[in-house]
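One-letter residues, chain by chain:
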Amino acid sequence: MYSDEREKMSALVSIGKLQTDIGRLDLAVLSYREVLDMQPGVETPEIADAHMQVAISLLDSQQYHEAVTHLETATAIVPTLAAAHLLLANSFRDMVRGKCRRRTPLPSSSLMTWHAPLRANPRKPLRGTRR
């Protein structure tokens, strides 16, 4: 039916978006997971979107650790994907606050990335900057 894998991938992403729009998140996740299984290692905006959509579904079911993995992959593929960064930060916050069932400890690199901005005092200007 499809002449190449890229066409099929785009069609599956579109199907996943439609399924999300009509409230069938279960089917949408299946579509997005199929996209991710098609070509592992491919880094396109569609793949980043699929990772993000799967992460959203995992967050809804409080599977934070697996969701974080998908969100980190999405932000690595498309560093400007603001929604993925926001979801990642919120996931780390919820994990630190104990809202998730922690099966494994948080990776220290992830925690340090999240805690670094908290050490800065927003009321005090950084060195070398003017207010």
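The model shown is predicted, which means the values in this text are computed figures rather than measured ones. (Residues numbered from 1 in each chain as written. Predicted model: local features only at pLDDT ≥ 70, side-chain atom pairs only at ≥ 80, totals over all residues. Heavy atoms only, no water.)

Undergrad: What's the story with the overall build of the protein chain in this structure? I'm lost.
TA: Counting its regular elements, the protein chain contains 6 helices and 0 strands. Order of helices (α) and strands (β) in the protein chain, N terminus to C terminus: α-α-α-α-α-α. Of all 131 residues assigned to the protein chain, the portion counted as buried reaches 34%. A separation of at least 24 residues holds for 44% of the contacts in the protein chain among residues at least 6 apart in sequence. (Helix = DSSP H or I, 4+ residues; strand = E, 2+ residues; numbered from the N terminus. Buried < 20%, exposed > 50% of the residue type's maximum accessible area, 1.4 Å probe, protein only. Contact = heavy atoms within 4.5 Å.)

Undergrad: Looking at this structure, I do not really get the side chain of His 51. What am I missing?
TA: In this fold, His 51 is placed in helix H3 (residues 45-60). Discounting residues that sit within four places of it in the chain, His 51 has contacts with Leu 36, His 70, Thr 73, Ala 74 and Ile 77.

Undergrad: I keep staring at the packing of H3 against helix H4 (residues 64-77) and nothing clicks. Help me out?
TA: Packed helices, taken two at a time, are described by the angle between their axes plus the distance between the axes. In contact at an axis separation of 8 Å, H3 and H4 are set at 160 degrees when each is read in the N-to-C sense. Accordingly, the angle class assigned to the pair H3 and H4 is roughly antiparallel. Crossing angle aside, the handedness with which H3 passes H4 is left-handed. Contacts from Ile 47, Ala 48, His 51, Met 52, Val 54, Ala 55, Leu 58 and Leu 59 in H3 reach Tyr 64, Glu 66, Ala 67, His 70, Leu 71, Thr 73, Ala 74 and Ile 77 in H4. Of the residues in the contact of H3 with H4, the class split is 12 nonpolar, 3 polar and 1 charged. (Axes fitted to C-alpha atoms, helices over the stretch in contact; angles between N-to-C directions. Parallel < 35°, antiparallel > 145°, perpendicular 65-115°, else oblique. Left-handed = near helix turned anticlockwise from the far one by under 90°. Nonpolar A, V, L, I, M, F, W, Y, C, P; charged D, E, K, R; others polar.)

Undergrad: Help me understand the nonpolar core, please; the structure alone is not making it clear to me.
TA: Nonpolar side chains in soluble globular proteins tend to be buried together. In terms of nonpolar packing, the biggest core is built from 27 residues, with Tyr 32, Val 35, Ile 47 and Leu 71 touching the most fellow members. For this core, the secondary structure elements donating two or more residues are helix H1 (5-21), helix H2 (25-38), H3, H4 and helix H5 (82-96). Excluding its chain neighbours within four sequence positions, the residues that come into contact with Leu 71 are Met 52, Ala 55, Leu 59, Ala 84, Leu 87, Leu 88 and Ser 91. (Core = buried A, V, L, I, M, F, W, Y, C linked by side-chain atoms within 4.5 Å.)

Undergrad: What is the right way to look at the confidence of the model for the protein chain in this model?
TA: Close inspection of predicted coordinates is inappropriate in any region flagged by low pLDDT. Looking at the protein chain, pLDDT values average 75 and 73% of them are 70 or higher. The secondary structure element of the protein chain with the lowest average pLDDT is helix H6 (residues 108-119), at 45, and the one with the highest is H4, at 90. (pLDDT = per-residue confidence, 0-100.)

Undergrad: Honestly, the pattern of salt bridges in this entry has me stumped. Any pointers?
TA: Between side chains of opposite charge, a pair can form when the charged atoms approach closely. Scanning the entire structure with this criterion turns up 4 salt bridges. Between Asp 26 and Arg 24 there is a salt bridge, and its shortest N-O distance comes to 3.0 Å. Look at Asp 26 and you get partly exposed, because its relative accessible area is 44%. (Salt bridge = Lys/Arg side-chain N within 4 Å of Asp/Glu carboxyl O.)

Undergrad: Would you mind showing me how to read the environment of Phe 92 here?
TA: Structurally, Phe 92 can be placed in helix H5. When the C-alpha positions of Phe 92 and Tyr 64 are compared, they lie 8.3 Å apart, and in sequence the two are 28 residues distant.

Undergrad: What's the story with H1 in this structure? I'm lost.
TA: Structural remark: α-helix, 3.6 residues per turn; residues separated by three or four positions point the same way. For H1, spanning 17 residues, the distance from its first C-alpha to its last is 24 Å, which sits close to the expected 24 Å at 1.5 Å a residue. Three or more residues of H1 are buried, namely Met 9, Ala 11, Leu 12, Val 13, Gly 16 and Gln 19. Tucked into the core, H1 has its buried residues touching H2 and H3. One or two residues past the end of H1 sits Gly 23, with phi positive at roughly 90 degrees. (Expected span 1.5 Å × (residues − 1).)

Undergrad: Where do I start with the packing of H1 against H3 in this structure?
TA: Interaxial distance between H1 and H3 falls to 10 Å at its minimum, and their mutual angle equals 35 degrees. Our pair here, H1 against H3, has a crossing hand that is left-handed. Together, Arg 6, Met 9, Ser 10, Val 13, Lys 17 and Thr 20 of H1 and Glu 46, Ile 47, Asp 49 and Gln 53 of H3 make up the contact between the two elements. Of the residues that constitute the contact of H1 with H3, the class distribution is 3 nonpolar, 3 polar and 4 charged.

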